[in-house]
Amino acid sequence: MKNSKRILVLAACVILAGLLMCTFLSRTIFTAMQPRVTKAYVETDRIQTTETVYGVYVSRETRTVYSPCDFEVDALQIQPGAEIKAGDAVLTMNGQEIEDRKRALDLALLELQIQGESWLSTRQRNALNLRIAAAQSALDAFQAKVPEDGILLAAESGEIAEIAVHAGQRVSKGDELYTYSTDVNVEPYIECSLPTGSAVQVRAGDTVQAEYEIKSRVNGEEITQLATADLVVQKTETDESGNVIFRAAPDDETVLPLSHLARVKISVVSEGKVYDQVVPLTAVSETGDGLLLYVLRTRDGLFGEETYVQAVKAKELARNYRNIAIQCDSVSEGTQLVLSTDHALADGEEVQVIG
Amino acid sequence: MNRSSKMRAMKKRCGRAFCTLVLCVCAVTALVPLVFTLTGSFIGNGELSDAYSGLLTGGGSVRFILLPKTVTLDHYTSTLLLTPSYLIKFWVSLGLTAAIVLGQITVSCLAGYGFAKFRFPGRNLFLYTIIVLMLMPVQVMLVPQYLVLDKIGLLGSYWSLILVGWFGAFGIFLMTQIYRRFPDDILEAAEVDGAGALRRLWSIVLPNSVSGISSLLILSFIDNWNLVEQPLVFLKDYRKYPLSVFLSYINNESLGAAFVCGVLAMLPALLLFLFLKEEMIRGIEYASVK
């Protein structure tokens, strides 16, 4: 063989060997540079939505004290904003009038009792007994409500909100004397409202979650912690504007460490609806004309079966913080989707599925 | 006498100069595409788009660049190292062409030997049919070939190209012509010595027809290396297309890759021609000169 031919053969071998090496190298580099994706599946699932509203913690009640009888107010021992304890003197009633009234009730009862000592027919005696019982109960009631010493005492601890009478004023039985707020015998609850048109609904018996702050002092420093509690809805009502106002409290005997009218965050979760095509929220991206997601498909490549992505458009039906229900003709239950990727994807691009 | 001889010499020189000029023009015309392909493979993307985008969009002007402003190896890097599909197309083309050429040479040698050295009924009719087939354009045969391949279930596979290439008419005709000139005496002597037909072909005819086979090899290689219509019609999967088809689908985004693939496509044919050019010329001379 001539030298020139030998050189040509050598050159051809070198070139072909180089191209062969480049082929394997480029295949390796190409595979290494392929986008790596994780997959998720289209499932039939329920989408529950959560609405967050703010409510107030109610642990006190405003109560009103009414006049037990007709009397004249002698003096007041209370003033608005004052804290009172059970048994504290609230006001002084005119003593003479109380006495006169009690004496009148006593005399009425005595007269009836004297009548009872004489002979009466059975019918007359029965009628008299009824009158005696009524007079006795009136006397008992008077004695129960009206203090003997004429000093009206507070029945419960609380804070005076408003005083409706003044010294020297004459009040009739049943007139308002004063109002006070108290937490005695009050079952605390949280009251909040859902706006009109809310996606969630509440009914008595539903469970909602409360989130609140607890402030405490540690080593002289004030720290705030977040705590949660599950509450049960006790009752609901709708106001004139269509807002749903509901009241919720812990199901067990738990007392929330909150002050009256403290602000509480309430999360209300709806029962939700079942959808045929539910995917994780991270599998979709929002574009100008709807949602875009990438479906994993397989095809025959030169080196065997290869996985590639197909871009499809979908319409949103419902979502929560984790999943989204879509409507798309190109997918069905069990279809594999791209959940996350380390590169931007293009329609038809070959990818590597990891995990 | 001196004057006339001087005139004759001058005419001869002018004639030679004129021929040289014409041949130079032809050579330049033939080489220009090659040079621009080679140059284009080293030009950056921006300059390429500016110069050649008019060619692809069908509007605007095209500017051929001989000396680029910036020389870059980016296209070679991306084509040879980052995108395996181009090299795979190259190997597909090479494998396909090698399979077709080897098969065609085998069939042509056997058929040519049979037509040249044996007498059988209908020999001339078959030979003339082959000549007629050789004269027909490739496109005329595409439809009947498609129908036959569809019937036998080979559409979509590489065998649809290989089998069609094996039974090419030109190769049979060329080898028939070459073997016709082979002296019968040698073959008769070998027959007397007990050599059978195939033995005579293998031991005597083939070694002495290397030049003919070389010319068939080169011509067949170039013909099949540049297949475009058959792969488009017979192969259904675009991923199976050879390099020659890809070069007809270039667009703005793959201009650089197209130039590099053009250089790649030139290499095998160029190397083969350089290796076998003497044999090819001898073979064509032998086949054509009485």
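Novice: Mind showing me how you'd approach the overall build of chain B here?
Specialist: Counting its regular elements, chain B contains 14 helices and 0 strands. Classification of the 290 residues of chain B by burial places 41% in the buried group. Long-range contacts, defined as pairs at least 24 residues apart, comprise 75% of the intrachain contacts of chain B with a sequence gap of at least 6.

Novice: What is the right way to read helix α1 (residues 3–33) of chain A from this model?
Specialist: An α-helix turns once per 3.6 residues; consequently, residues spaced three or four apart project the same way. Between its first and last C-alpha atoms α1(A) spans 44 Å; for 31 residues at 1.5 Å apiece the expected length is 45 Å, and the two agree. All of the buried residues in α1(A) are A:Lys5, A:Leu8, A:Ala12, A:Leu19, A:Cys22, A:Thr23 and A:Ser26.

Novice: Would you mind going over the confidence of the model for chain B with me for this structure?
Specialist: In the predicted model, chain B carries a mean pLDDT of 86, and the fraction of residues at 70 or more is 94%. On the interface metric, ipTM, the complex scores 0.78, and its pTM is 0.61.

Novice: Please explain the packing of aromatic side chains as it appears in this structure.
Specialist: The relation between two aromatic rings is expressed through the spacing of the ring centres and the mutual angle of the planes. On inspection of all chains with the given rule, the structure shows 9 aromatic pairs over all chains. Residues B:Phe42 and B:Tyr76 carry aromatic rings whose centres are separated by 5.0 Å and whose planes lie at 35° to one another, so their mutual orientation is tilted. Separated by 34 residues along the polypeptide, B:Phe42 in the loop between α1 (2–40) and α2 (45–57) and B:Tyr76 in helix α3 (residues 74–82) bring together distant segments of the chain. Look at B:Phe90 and B:Trp225: their rings are 5.9 Å apart centre to centre, the planes differ by 85°, and that puts the pair in the edge-to-face class. One end of the pair, B:Phe90, is in helix α4 (residues 84–117); the other, B:Trp225, is in helix α11 (residues 210–225), and 135 residues separate them in sequence. There is no split in this pair, since B:Phe90 and B:Trp225 are both buried. Feature note: the residues B:Phe90, B:Trp91, B:Phe221 and B:Trp225 constitute an aromatic cluster, connected by ring pairs. Taking NZ or CZ as reference, A:Lys5 lies 5.3 Å from the ring centre of B:Phe275, over its face. If you follow A:Arg299 out to its NZ or CZ, it ends over the ring of A:Tyr308, 4.2 Å from the centre.

Novice: Would you take a moment to explain the sheet that holds strand β16 (residues 263–269) of chain A for this structure?
Specialist: For sheets, the rule is that strands pair by backbone hydrogen bonds, running either parallel or antiparallel. Residues and elements named next belong to chain A. Spatially, β3-β12-β15-β14-β13-β16 is the arrangement adopted by the 6 strands of the closed barrel, whose pairing is antiparallel. Strand-to-strand twist in this sheet, taken as the mean axis angle between neighbours without regard to direction, amounts to 35°. Examined bridge by bridge, strand β13 (residues 207–218) and β16 share 3 bridges and lie antiparallel to one another. Bridging across to β16, Ala-210 finds its partner in Ile-266.

Novice: Looking at this structure, how should I read the packing of helix α5 (residues 123–135) of chain B against helix α8 (residues 169–180) of chain B?
Specialist: Angle between the axes and distance between the axes are the two parameters that describe a pair of packed helices. All names here are of chain B. Two elements in contact, α5 and α8, have axes whose closest approach is 8 Å; the angle formed by their N-to-C orientations is 130°. On the basis of the axis angle, α5 is oblique to α8. As α5 runs across α8, the sense of the crossing is left-handed. Within the contact between the two elements, α5 uses Leu-127, Ile-130, Ile-131, Leu-133 and Met-134 and α8 uses Ala-169, Phe-170, Ile-172, Phe-173, Thr-176 and Arg-180.

Novice: What should I look at first to understand the nonpolar core in this one?
Specialist: Grouped burial of nonpolar side chains is what soluble globular proteins tend to show. If you look at the biggest cluster of nonpolar residues, it comprises 38 residues, and the most contacted ones within it are B:Leu80, B:Phe90, B:Cys109, B:Met175, B:Tyr179 and B:Val205. When residues of this core are assigned to their parent elements, the largest contribution, 9 residues, is made by α4(B). Setting aside chain neighbours within four positions, we find B:Met175 in contact with B:Ser108, B:Cys109, B:Gly112, B:Gly212, B:Ile213 and B:Leu216. Counting 28 residues, the second largest nonpolar core, distinct from the first, contains A:Ile78, A:Ala82, A:Leu152 and A:Ala154.

Criteria and cut-off values
- The written sequence of each chain sets the order in which its residues are numbered from 1.
- Lettering of chains starts at A and numbering of ligands starts at 1, both following the order in which they are written.
- Local features in a predicted model are, by the rule used here, given only for residues with pLDDT of at least 70; side-chain atom pairs are given and counted only at 80 or more, and totals for whole chains, interfaces and linings are based on all residues.
- Side-chain calculation: all heavy atoms of the structure are included, whereas hydrogens and water are not.
- Counting from the N terminus, the helices are DSSP H or I runs at least four residues long and the strands are E runs at least two residues long.
- The buried label applies to any residue whose accessible area, calculated with a 1.4 Å probe on protein chains only, is under 20% of its type's maximum; exposed applies above 50%, and partly exposed to all values in between.
- Only heavy atoms matter for contacts: two residues are in contact if any of them lie within 4.5 Å across the pair.
- A helix is expected to span 1.5 Å multiplied by its residue count minus one.
- One confidence number per residue, pLDDT, is output by the predictor and ranges from 0 to 100.
- Between 30 and 60 degrees the pair is tilted, below 30 it is stacked and above 60 it is edge-to-face, where a pair is any two Phe, Tyr or Trp rings, Trp via its six-membered ring, whose centres lie within 6.5 Å.
- Our definition puts a charge over a ring when NZ of Lys or CZ of Arg is within 6 Å of the ring centre and also within 35 degrees of the ring normal.
- Should DSSP find at least two bridges between two strands, the strands are taken to pair.
- Lines fitted to the C-alpha atoms define the axes, with helices restricted to the stretch that makes contact. Angles between their N-to-C directions range from 0 to 180 degrees.
- Working definition: roughly parallel below 35 degrees, roughly antiparallel above 145 degrees, roughly perpendicular at 65 to 115 degrees, and oblique for all remaining angles.
- Crossing chirality is assigned from the near helix's rotation relative to the far helix, an anticlockwise turn below a right angle marking it left-handed and a clockwise turn marking it right-handed.
- To define a nonpolar core, start from buried Ala, Val, Leu, Ile, Met, Phe, Trp, Tyr and Cys residues and group those joined through side-chain atoms within 4.5 Å.

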